[in-house]
Amino acid sequence: MKNLNSRRDFIKTSALVTGGMLAPSFLVPGAYAAPDNHLKLAVIGCGGRGTGAVFQAFETGQPIKLVAMADAFQDRLDNSYKAIFDKYGAEKVAVTDDKKFVGFHGYIHAIAEADVVILASPPGFRPQHFEEAVKQGKQIFMEKPVATDAAGIRKVLAAAQEAKAKKLNVVVGLQRHYQNNYREVIKRIQDGQLGEITGGQVYWNDGGVWVRERKPEMTEMEYQMRNWYYFNWLCGDHIVEQHVHNIDIANWVKNSYPVKAEGTGGRQVRIGKEHGEIFDHHVLTFTYADGSVIHSECRHFSGAANRVDETFQGTKGKVFLSAGNHGTMTDWKGNVIYDHNRENQPNPYQQEHDELWAALVKGEYKFADAENAAKSTMTAIMGRYATYSGKVMTWDEALNGTVDLFPETLAWDAMPKLLPNADGYYPHAVPGKTKVI
């Protein structure tokens, strides 16, 4: 099992890839890349989402073999390998010990082994992992969000253009785009059945997620990476990591991206040391170029009412959407325009893989999700910039922001840019005072 933490390993491999000595593998229409007629898969990021994405790839029934894995942590890789191998066995899993890459830079080597890569590390790493996969000419499934700050978004947008030029399929885990009720309803909206969309509301309000305990032997870098949800360089705050799903639907319905954001947020109930720097609520309005306004709300309040859905109003009627396959359109007199049949609907997490892998085995170029995913992620980041600063934030100033959250050095003994005070509490944004861009 290879441990690739050193700067020397990273520089050496980067030079080989850049110089063309590690040849990228391209899929050939009508043919498979591996001698045994299987597409070779690598997973980068072996947590629950990466492991689940491998399951979903295998469940497509297509000829796939997992040949390489990479994660910063040995235990996460080992647990993932065991879960995958126990379920699918040697017929699907061909990851030898020398193709299990542990450390910050193992992704370069794992990507080189495969035809197709799954990118599922914490989102702060997504820009560099995506950039590398595109450079090596791989077909890509990557999880949302695709960055945590504007610097990362600019990198993803540049790589997205290169992926298009190389005709590399890129599917992003904004799975509502692969969910029937969203597809059917939004097709009808864009056909004009609700008229002009004049406003809407998008929500992700729930009780929050896991917390990982700090252990005495952990360095600061390890602790933040283990507890990654609560640090913006890794997560982007829950407005970016979760609420991007709902914000992306607003952009899809509007068929555009907002020109400005304004709102408020803070730390009201989730204020412990273990909660890092992120807010527990954000409330915003996103304004689009035509003057229409979308209300955006997300919060993590345990015990409070939950709501995760989207509603929109148009000149001819309104619509309600949710991940539970709801999709009801009515006119302003209450007459039903369209009501989605919620029976026997495919799982969208599976559907996105079914469609991607069906195209790959045929050698087809069909998917270019990266640009939209980057812009919807940027919309959520712009929202965070607005709530953290307490100021109106325009699209252009947000996208051109120069604040880069990513650490200068990736090593277990290196320090992230955000550090706790003597009492173990992390500084967090104060609206009206904090510089975000």
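These numbers come from a predicted model, not from an experiment.

**As for the environment of L39**
Tracing the chain through its elements places L39 in strand β2 (residues 39-44). Residues L39 and F286 lie 247 residues apart in sequence; the distance between their C-alpha atoms is 42 Å.

**Some thoughts on the packing of aromatic side chains**
Considering all chains together, one arrives at 18 aromatic pairs under this definition. Here the aromatic rings of F231 and Y426 are separated by 4.9 Å at their centres, their planes lie at 75°, and the arrangement is edge-to-face. Separated by 195 residues along the polypeptide, F231 in the loop between α8 (220-226) and α9 (238-241) and Y426 in the segment after α13 (395-399) bring together distant segments of the chain. With a relative accessible area of 5%, Y426 lands in the buried category. Each ring, one from F279 and one from Y388, has its centre 4.4 Å from the other, and the planes form 45°; the classification is tilted. One end of the pair, F279, is in the loop between β9 (260-266) and β10 (281-287); the other, Y388, is in helix α12 (residues 370-389), with 109 residues separating them in the sequence. A single burial state applies to F279 and to Y388, both of which are buried.

**Section: the domain arrangement of the protein chain**
The domain boundaries assigned to the protein chain delineate domain 1 (39-175) and domain 2 (179-342 + 369-400). Between domain 1 and domain 2, the C-alpha centre-to-centre distance is 25 Å. Facing the 31 residues of domain 1 at the interface are 31 residues of domain 2. A per-residue breakdown of the area domain 1 buries against domain 2 is headed by F73, T148 and L174, which together make up 23% of the total. Inspection of the region where domain 1 meets domain 2 yields three salt bridges. Measuring nitrogen to oxygen at the nearest pair gives 3.1 Å for the salt bridge that ties E241 to K144. Run the count over domain 1 and domain 2 and you get 14 residue pairs in polar contact (both at pLDDT 80 or more). Those elements that place two or more of their residues in the side of domain 1 that touches domain 2 are α3 (74-88), α6 (150-166) and β7 (170-172). Taken together, the residues of the side of domain 1 that touches domain 2 sort by class into 20 nonpolar, five polar and six charged.

Each value, and the rule that gives it
- Residues numbered from 1 in each chain as written.
- Predicted model: local features only at pLDDT ≥ 70, side-chain atom pairs only at ≥ 80, totals over all residues.
- Heavy atoms only, no water.
- Helix = DSSP H or I, 4+ residues; strand = E, 2+ residues; numbered from the N terminus.
- Phe/Tyr/Trp six-rings, centres within 6.5 Å; stacked < 30°, edge-to-face > 60°.
- Buried < 20%, exposed > 50% of the residue type's maximum accessible area, 1.4 Å probe, protein only.
- Domains from an automatic or database assignment.
- Contact = heavy atoms within 4.5 Å.
- Buried area = accessible area lost by both parts, 1.4 Å probe.
- Salt bridge = Lys/Arg side-chain N within 4 Å of Asp/Glu carboxyl O.
- Polar contact = N/O pair within 3.5 Å; in protein donor to acceptor, adjacent residues only side chain to side chain.
- Nonpolar A, V, L, I, M, F, W, Y, C, P; charged D, E, K, R; others polar.

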